[in-house]
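Observations on the model geometry
Next come the chains, spelled out residue by residue.
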Amino acid sequence: MKFLQDYPKEVKVFLIASLVNATGSALMWPLVTMYVFDELGRSMKDAALVIVIQSLGGIAGQLLGGSLYHKVGVKQLIVGGLAMNALALFALPAASGNWHMFMVVMGLVGLFNSMSQPAIQAFVGFRFAERRGELFNVIYVANNIGVALGTGLSGVLADLSYKLSFVMNGLTSAIFAVFFLVYLRKIGNAPAHNELQQRSRHRDQSGWKLMGNTRIYLYMALGSMFLLLGNSVWNTGVSPFIISEGWSKSLYSFLWTLNGILIFAAQPLVSLIKRWFARTSTAQMTASAVFYLSGYAVILLMPSYPGMVLAMVLATLGEMLISPATPAFISDYAGRNAPFYLGLSGGIGAAGRVIGPYLMGSLYDTGGLAPTAWLACGMAVLAVGFFIIHAYVNRSARTLEQNTV
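Remember, predicted model here, so these are calculated numbers, not experimental data.

Moving on: the overall build of the protein. Scanning the protein from N- to C-terminus turns up 17 helices and zero strands. Counting the 405 residues in the protein, one finds 57% classified as buried. Of the contacts made within the protein by residues no fewer than 6 positions apart, 85% connect residues no fewer than 24 positions apart. With an accessible surface of roughly 16,600 Å², the protein has 65% of that area assigned to carbon and sulfur atoms.

Moving on, we come to the packing of helix α11 (residues 233-244) against helix α15 (residues 305-334). Between α11 and α15, the least distance of the axes is 13 Å, while the angle of their chain directions is 160 degrees. As judged from the angle between their axes, α11 and α15 are roughly antiparallel. As for how α11 packs across α15, the hand of that crossing is left-handed. Judged by residue contacts, W234, V238 and F241 of α11 engage M308, A311, M312 and A315 from α15.

Turning our eyes to something else, we now look at the pattern of salt bridges. In a structure, side chains of opposite charge can pair up when their charged atoms sit close to one another. Under the definition given, this model contains one salt bridge. Here D46 and R42 are joined by a salt bridge, their closest N and O atoms 3.7 Å apart. The exposure class of R42 is partly exposed, given its relative accessible area of 31%.

Residue-level pLDDT values for the protein average 79, and 84% of them are 70 or greater. Within the protein, no element has a lower average pLDDT than helix α8 (residues 191-200), which sits at 45, and none a higher one than helix α14 (residues 281-301), at 94. Between residues 189-201, whose pLDDT stays under 50, and residues either more than four places distant or in other chains, the model counts 19 contacts. Note on residues 398-405: pLDDT under 50 across the span, and 20 contacts to partners over four residues away in sequence or across chains.

Quick look at the packing of α15 against helix α16 (residues 338-367) now. With their axes 9 Å apart at the nearest point, α15 and α16 run at an angle of 145 degrees to one another. α15 and α16 meet at a crossing whose hand is right-handed. Every residue of α16 that contacts α15 at P327, I330, S331 and A334 is listed here: A338, Y341, L342 and S345. Partitioned by chemical class, the residues of the contact of α15 with α16 number six nonpolar, two polar and no charged.

Attention shifts here to a nonpolar patch on the surface. A surface patch of nonpolar side chains, amounting to about 810 Å² of accessible area, comprises I16, V20, M84, L87, F90, L164, V167, M168, L171 and I175. Among the elements that make up the nonpolar patch, the one with the highest residue count is helix α7 (residues 162-186) (five residues). Within the secondary structure layout, I16 lies in helix α1 (residues 9-28). When its relative accessible area of 56% is taken as the criterion, I16 is described as exposed.

What follows concerns the packing of aromatic side chains. Here the structure, examined in full by the defined rule, presents 12 aromatic pairs. Consider the rings of W276 and F277, whose centres lie 6.3 Å apart with planes at 90 degrees: the pair is edge-to-face. The same class applies to W276 and to F277, which are both exposed. Ring plane angle 20 degrees and centroid distance 4.5 Å describe the contact between F329 and Y333, whose orientation is recorded as stacked. Note that F329 and Y333 are positioned in helix α15 at a spacing of four residues, about one turn of the helix.

In this section: helix α12 (residues 249-265). For an α-helix, the turn length of 3.6 residues means that residues three or four places apart are oriented alike. Here α12 contains 17 residues, and its C-alpha end-to-end distance of 24 Å stays within 8% of the 24 Å for a straight helix at 1.5 Å per residue. If you check which residues of α12 are buried, you get K249, Y252, S253, L255, W256, T257, L258, N259, G260, L262 and I263.

Among the nonpolar cores identified, the biggest contains 110 residues, and F180, W234, V238, L255 and I299 are the most heavily contacted of them. For this core, the element with the most residues is helix α5 (residues 99-127), which contributes 15 residues. Apart from the residues within four sequence positions on either side, W234 is in contact with S239, Y252, L255, W256, Y296, I299, M308, A311, M312 and A315. Residues I263, V270, A287 and M320 belong to the second largest nonpolar core, which totals 10 residues.

You can see S288 is positioned in helix α14. With relative accessibility at 0%, the residue S288 sits in the buried group. From its side chain, S288 meets the backbone oxygen of G318 in a polar contact 2.6 Å long. Once residues lying within four places of it in the same chain are set aside, the contact partners of S288 are L227, G318, E319, L321 and I322.

Reading the values: rules and limits
Residues numbered from 1 in each chain as written. Predicted model: local features only at pLDDT ≥ 70, side-chain atom pairs only at ≥ 80, totals over all residues. Heavy atoms only, no water. Helix = DSSP H or I, 4+ residues; strand = E, 2+ residues; numbered from the N terminus. Buried < 20%, exposed > 50% of the residue type's maximum accessible area, 1.4 Å probe, protein only. Contact = heavy atoms within 4.5 Å. Areas by Shrake-Rupley, 256 points an atom, 1.4 Å probe, with all protein chains shown as cover. Axes fitted to C-alpha atoms, helices over the stretch in contact; angles between N-to-C directions. Parallel < 35°, antiparallel > 145°, perpendicular 65-115°, else oblique. Left-handed = near helix turned anticlockwise from the far one by under 90°. Salt bridge = Lys/Arg side-chain N within 4 Å of Asp/Glu carboxyl O. pLDDT = per-residue confidence, 0-100. Nonpolar A, V, L, I, M, F, W, Y, C, P; charged D, E, K, R; others polar. Patch = residues over 30% accessible without salt bridge, like charges linked within 9 Å, V, L, I, M, F, W, Y side chains within 5 Å. Phe/Tyr/Trp six-rings, centres within 6.5 Å; stacked < 30°, edge-to-face > 60°. Expected span 1.5 Å × (residues − 1). Core = buried A, V, L, I, M, F, W, Y, C linked by side-chain atoms within 4.5 Å. Polar contact = N/O pair within 3.5 Å; in protein donor to acceptor, adjacent residues only side chain to side chain.

Pasting the structure below:
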């Protein structure tokens, strides 16, 4: 890949490890709703409840990961979170026989998986500060190549065994934990790592005081929350619609494979969008919400498989704009407090995953696909509004002090 030639070897190794981990994750997460609905024979409300519990664990993990970054240390937080996530995933097949135990373990999966995310983002932002915006995008692309590979296999694995996808996901999480253990030991004496450790010795502001700086995170996080709420239409709207229509589960898997392929193949198009219409990270967030809104409108107006494909294309363009923009904005404006704000904004945004599936599941059980698509459109409109507010309040903002005492 020519676009990787300008990066040092350690970045390339990191990207490969991220790709492997993303492939494993993609084997499972599109199929959780199908597993509960199809394999366990539960209602869409029950399927949505599992997603809610997993998302609640994810919120707790985001907040813990951001708050503990400087207190616990990079290695303990990242390696420990990934290792515990692997153990929880390995426990899922055994827990499936007991509904309540299955929900508890899914909550632990959400907790431990999310705990490592703000730590990894903050580590990248600190270690590669001069190119972090560019690198966030490259990591995002590499992860979604893994998503394309994983989702391509997920439909096949679902026909063979849902539980196999849980085990494979746990295995890749364990491999990622081992990679970080070796990687962080190896760079222990690197200048950038020492600088990061020196920064961590500074006295931290209290979380309550940091939360008072709402300009950095609040409006952006609320916009993300509404987008994630609306995005639940794929798991608790489109997924059961495909099953109820008697279509192959592989067709649903293909939608996510298309998502992963586009994230790699459509980079030139997104670069043009950024150059012509969305030069700043705040503008990219607003443009993202507009693309999501367009995709949800297509689901509403074209409830057919070609409509689902077109909707996925539009939603993917929105995803490509916002995913690298949010961590880049926080890393640029929050300085050494970036881990806290990454966890806080991620936790608020993840609340959309808590509310969305249950609302969507209830709407689908009573009215089918149409009301879920209406709700998704409404949430995207709210997201556009909050991202516009975020851009407005930050239009003349300066980068926060790197070392706040």
